[in-house]
Amino acid sequence: MLQVLERAGHAENRISKSSPGDSGITVIVPAYNEAASLADTIDSLLNQTLPPSEIIVVDDGSTDGTGDVARDLGVTVRRPPKNTGSKAGAQTYALPFVNTTFCIAIDADTVLAPDAIERLFEAMRNPDVAAASGYVLPRYVKSVWERGRYVEYLFSFAYFKPIQDHFERPLISSGCFSIYRTEVLRNIGGWSNRTMAEDMDLTWTLYAAGWKVRFVPEAVCYPIEPHNFFFLGCQLRRWSHGFIQNVMLHWHDVLEQPYLRTYVAVMLWDAIVMGSLLLFALPVLTLLVNPLFLLGYVIDVPIIAVPVLLEGLKRREFRRALRSLPAYPVIRVVNMASLLKAFWLELVTKQTLKVYEKGH
Amino acid sequence: MSAGLPAAGLGGALYLLLVVWMLLREFSRTTKDLSPERSQWPLIKKMVFVSLAMIVVIIVERLIISNVLKLVVLHIPGLAKFTMPPSTSFVVLMAAMPFVLLLLLIACLHCLRLSRRLSKAHSRFAWREASEAILSGR
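None of these values were measured; they are calculated from a predicted model. Think of each chain on its own: its residues are numbered from 1, step by step along the sequence as written. Lettering of chains starts at A and numbering of ligands starts at 1, both following the order in which they are written. Restriction of local features to residues with pLDDT of at least 70 applies here, the model being predicted, together with a cutoff of 80 or more for giving and counting side-chain atom pairs; totals for whole chains, interfaces and linings are based on all residues. Derived side-chain values reflect all non-hydrogen atoms in the structure, with water molecules and hydrogen atoms excluded from consideration.

Caption draft 1: Focus on the packing of helix 11 (residues 301-314) of chain A against helix 2 (residues 41-75) of chain B. Simply put, an axis is a line fit to the C-alpha atoms, just over the touching stretch for a helix, and the angle between two N-to-C directions goes from 0 to 180 degrees. Helix numbering and strand numbering both begin at the N terminus, where a helix is a DSSP run of H or I of at least 4 residues and a strand a DSSP run of E of at least 2. Here helix 11 of chain A crosses helix 2 of chain B at 135°, and the two axes come no closer than 8 Å. By the angle between their directions, the pair helix 11 of chain A and helix 2 of chain B is classed as oblique. Two packed elements cross with a definite hand, and for helix 11 of chain A against helix 2 of chain B that hand is right-handed. Residue-level inspection shows Pro-302, Ile-303, Val-306, Pro-307, Leu-310, Glu-311 and Lys-314 of chain A of helix 11 of chain A in contact with helix 2 of chain B, the latter providing Lys-46, Phe-49, Val-50, Ala-53, Met-54, Val-57, Ile-58 and Glu-61 of chain B. Three classes are used, and their members are as follows: Ala, Val, Leu, Ile, Met, Phe, Trp, Tyr, Cys and Pro are nonpolar, Asp, Glu, Lys and Arg are charged, and the others, Gly among them, are polar. Each residue belonging to the contact of helix 11 of chain A with helix 2 of chain B can be placed in one class, and the counts come to 11 nonpolar, no polar and four charged. Orientation categories follow fixed angle ranges, with anything under 35 degrees roughly parallel, anything over 145 roughly antiparallel, 65 to 115 roughly perpendicular, and all other angles oblique. Helix crossings are classified by the rotation of the near helix relative to the far one: an anticlockwise turn of less than a right angle makes the crossing left-handed, while a clockwise turn makes it right-handed. Pairs of residues are marked as contacts when any of their non-hydrogen atoms sit within 4.5 Å.

Pasting the structure below:
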């Protein structure tokens, strides 16, 4: 870790913080068996108001013809000798082939709004910014899990993220759609697979190296979110373990980052204390003391509803936001259970999650 | 994934306080630097509006719940033992609790930072002492 930060620190001194737009943008699309969704992703990239100079699809050992789909659409396909085992591995594999000042990482199941790259690129005009990410909304909002995630995203991207960005410390530059300075990425060794949340790891490493990270709400992307409990479980396991792993890995540096340290501490507190309250204390109190304790599961839904419905109204999706609200308490219980389990496994029983499971 | 309870946990208290802090910082910045292109007021106004709306919803929700419970007891008196209204001091205590806990948590973070810095400084001092002792042949 120290070596990485040291390298990053030297890099900061060495790199001439170039002005944007001098050599274009390369898009890296890591893909493992994504034949069904990849064409939409590439189409949305080809139809950008600011088109990328090159699109590199990393066909990470797919067996469903992912590489053929990409080749048919005329983009560059790179295939590692064997499956790299993670999204971070596939993205880092492509990094030596990037010849532009900026690169974008985008998931193979994510489509972009037509002006997303142009909007995101604006953030990079500041030479101190090393990464920026956009606004994330689920592409399909049908199942209870997709609806719950939709509410979570509306709440986070309309309320939490703009506040975090105002204080110049967004918690994370989302892995599904972010732009980076290529040279900075190279100097910190690309995306690391030492944790299950490579985007959080990268964001916190950039902060420790003195770089800024931005959130650009106007740059909208639409990933496919888990539509069933199985895929949701895989994704949440990866995110929960990734969060705990990153806290363990970066806590020294996070302590020195104003605001970020408080968000992280509060997240940990709410995950552990409030999670235990929700999952263990409330059922016991409901059974033994007063059934009204059941209200604890939904008591804050009207509060959540304020930014969610306002954002839904702004995006002309008010009815969808309203219909999705009841799914929020459901997905929250699952989130809590996943986080508490990850906390227990990572910190108490020391069973670190090392295998990258595709959530979607 | 939102870790924790964003509105009811410490997260809710933290982001409400951050909005207040945004407001104060921007007031201070505006008095020092009047350049309108750097103004953050549109975002701050939106966040203040959303936060105030959330506070209003909390108050309205409390009123609705207590009135509904009163109605329920009126029709089903047997439920009265489950619907005892909490005292005002209890309500105030519960409302203040997240903010008190949050301040304690922030204080703990700063204590941790301070202790790390002290232990770093101490280890550097001990290392320097040891190297000086070796060099002087003690």
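Caption draft 2: View of the pairing of strand 8 (residues 212-223) of chain A. Residue and element names in this part refer to chain A. Two strands pair when backbone bridges link them, and strand 5 (residues 110-112) and strand 8 are joined in this way by three bridges, in the antiparallel orientation. Note that in strand 8 the partner of Val-111 across the bridge is Tyr-222. The pairing of strand 6 (residues 129-136) with strand 8 spans seven bridges and is classified as parallel. The partner of Gly-134 across the bridge, within strand 8, is Val-216. Strand pairing follows a simple DSSP-based rule, namely that at least 2 bridges must link the two strands.

Caption draft 3: Summary view of the confidence of the model for chain B. Residues and elements named next belong to chain B. Note: pLDDT gives the predictor's confidence per residue, expressed from 0 to 100. Summarising the model, chain B shows a mean pLDDT of 84, and 88% of its residues fall at 70 or more. Least confident of the elements in chain B is helix 3 (residues 88-135), whose mean pLDDT is 85; most confident is helix 2, at 92. In the predicted assembly, ipTM is 0.87 and pTM is 0.89.

Caption draft 4: Structural detail: the environment of Val-73 of chain B. Residue and element names in this part refer to chain B. Mapping Val-73 onto the fold places it in helix 2. Burial status follows relative accessibility: with a 1.4 Å probe on protein chains alone, a residue under 20% of its type maximum counts as buried, one over 50% as exposed, and anything between as partly exposed. The exposure class assigned to Val-73 is partly exposed, which follows from its relative accessible area of 22%. When neighbours within four sequence positions are excluded, Val-73 is seen to be in contact with Leu-79, Ala-80 and Thr-83.

Caption draft 5: Spatial organisation of the sheet that holds strand 1 (residues 25-31) of chain A. Residue and element names in this part refer to chain A. Read across the open sheet, the eight strands follow the order 3-2-1-4-7-6-8-5; overall the sheet is mixed. In the strand order of this sheet, the two ends are held by strand 3 (76-78) and strand 5, each with one partner. Ignoring which end each strand starts from, the neighbouring axes of this sheet average 30° apart. Here helix 2 (residues 35-46) sits on the sheet and contacts strand 1, strand 2 (54-59), strand 4 (102-106) and strand 5; the angle it forms with strand 5, its principal contact strand, is near 20°.

Caption draft 6: Geometry of the packing of aromatic side chains. Pairing of aromatic rings covers Phe, Tyr and Trp, the last counted by its six-membered ring, and requires centre-to-centre distances within 6.5 Å; plane angles under 30 degrees mean stacked, over 60 mean edge-to-face, and any other angle means tilted. Taken as a whole, this structure holds 15 aromatic pairs over all chains when the rule is applied. Relative to Phe-160 of chain A, the ring of Tyr-159 of chain A lies with its centre 6.1 Å away and its plane at 40°, an arrangement referred to as tilted. Summarising the burial analysis for this pair, Tyr-159 of chain A and Phe-160 of chain A share the class buried. Plain terms: the ring middles of Tyr-263 of chain A and Tyr-15 of chain B are 6.1 Å apart, the flat faces sit at 15° to each other, and that makes the pair stacked. With Tyr-263 of chain A in helix 10 (residues 260-288) and Tyr-15 of chain B in helix 1 (residues 10-32), the pair connects residues from two separate chains.

Caption draft 7: Geometry of the nonpolar core. All names here are of chain A. As used here, the term nonpolar core means buried Ala, Val, Leu, Ile, Met, Phe, Trp, Tyr and Cys residues forming a set that is joined through side-chain atoms within 4.5 Å. Counting 121 residues, the largest nonpolar core has Tyr-159, Phe-177, Trp-191 and Trp-204 as the members making the most contacts within it. Per-element accounting of this core gives the leading share, 11 residues, to helix 6 (residues 144-166). Once you skip the residues sitting within four places of it in the chain, Trp-204 turns out to touch Leu-171, Phe-243, Asn-246, Val-247, His-250, Val-254, Leu-260 and Val-264.

Caption draft 8: Fine view of the state of the cysteines. Any cysteine sulfur atom paired with another within 2.5 Å is treated as part of a disulfide. A full pass over the atoms with the stated rule returns zero disulfides over all chains. Lacking any disulfide linkage, Cys-103 of chain A is separated from the closest cysteine sulfur, that of Cys-176 of chain A, by 15 Å. Overall, the relative accessible area of 0% leaves Cys-103 of chain A in the buried class. Take Cys-111 of chain B: it sits in no disulfide, and the sulfur closest to it among the cysteines is that of Cys-108 of chain B, at 6.2 Å.

Caption draft 9: View of unusual backbone geometry. Residues and elements named next belong to chain A. With phi around 70°, Tyr-259 is a residue other than glycine that occupies positive phi space. You can see Tyr-259 is positioned in the loop between helix 9 (229-255) and helix 10. With a phi angle near 60°, Arg-316 is a residue other than glycine that sits in the positive phi range. Within the secondary structure, Arg-316 sits in the loop between helix 11 and helix 12 (318-324).

Caption draft 10: Representation of helix 11 of chain A within the structure. All names here are of chain A. In this model helix 11 runs 20 Å from its N-terminal to its C-terminal C-alpha over 14 residues, within 8% of the 20 Å that 1.5 Å per residue would give. Bend angle per residue: angle between axes fitted to the 7 residues ending at that residue and the 7 residues starting there. By the largest-angle criterion, Pro-307 marks the main kink of helix 11, which is about 25°. The element helix 11 is extensively covered by neighbouring structure, given that 10 of its 14 residues are classed as buried. Considered for burial, the residues of helix 11 that qualify are Val-301, Ile-303, Ile-304, Ala-305, Val-306, Pro-307, Val-308, Leu-309, Glu-311 and Gly-312. Positive backbone phi, at 60°, marks Arg-316, one or two positions downstream of helix 11. Multiplying one less than the number of residues by 1.5 Å gives the expected span of a helix.

Caption draft 11: Broad picture of the packing of helix 9 of chain A against helix 13 (residues 327-348) of chain A. Residues and elements named next belong to chain A. The interhelical angle for the contact between helix 9 and helix 13, taken along N-to-C directions, is 45°, at an axis separation of 8 Å. Comparing their axes, helix 13 and helix 9 come out oblique. In terms of crossing hand, the pair formed by helix 9 and helix 13 is right-handed. The residues of helix 13 that touch helix 9, namely those facing Phe-229, Leu-232, Leu-236, Arg-237, Ser-240, His-241, Phe-243, Ile-244, Gln-245 and Met-248, are Ile-331, Val-334, Asn-335, Ser-338, Leu-339, Ala-342, Phe-343, Leu-345, Glu-346 and Leu-347. Class assignment of the residues belonging to the contact of helix 9 with helix 13 gives a composition of 13 nonpolar, five polar and two charged.

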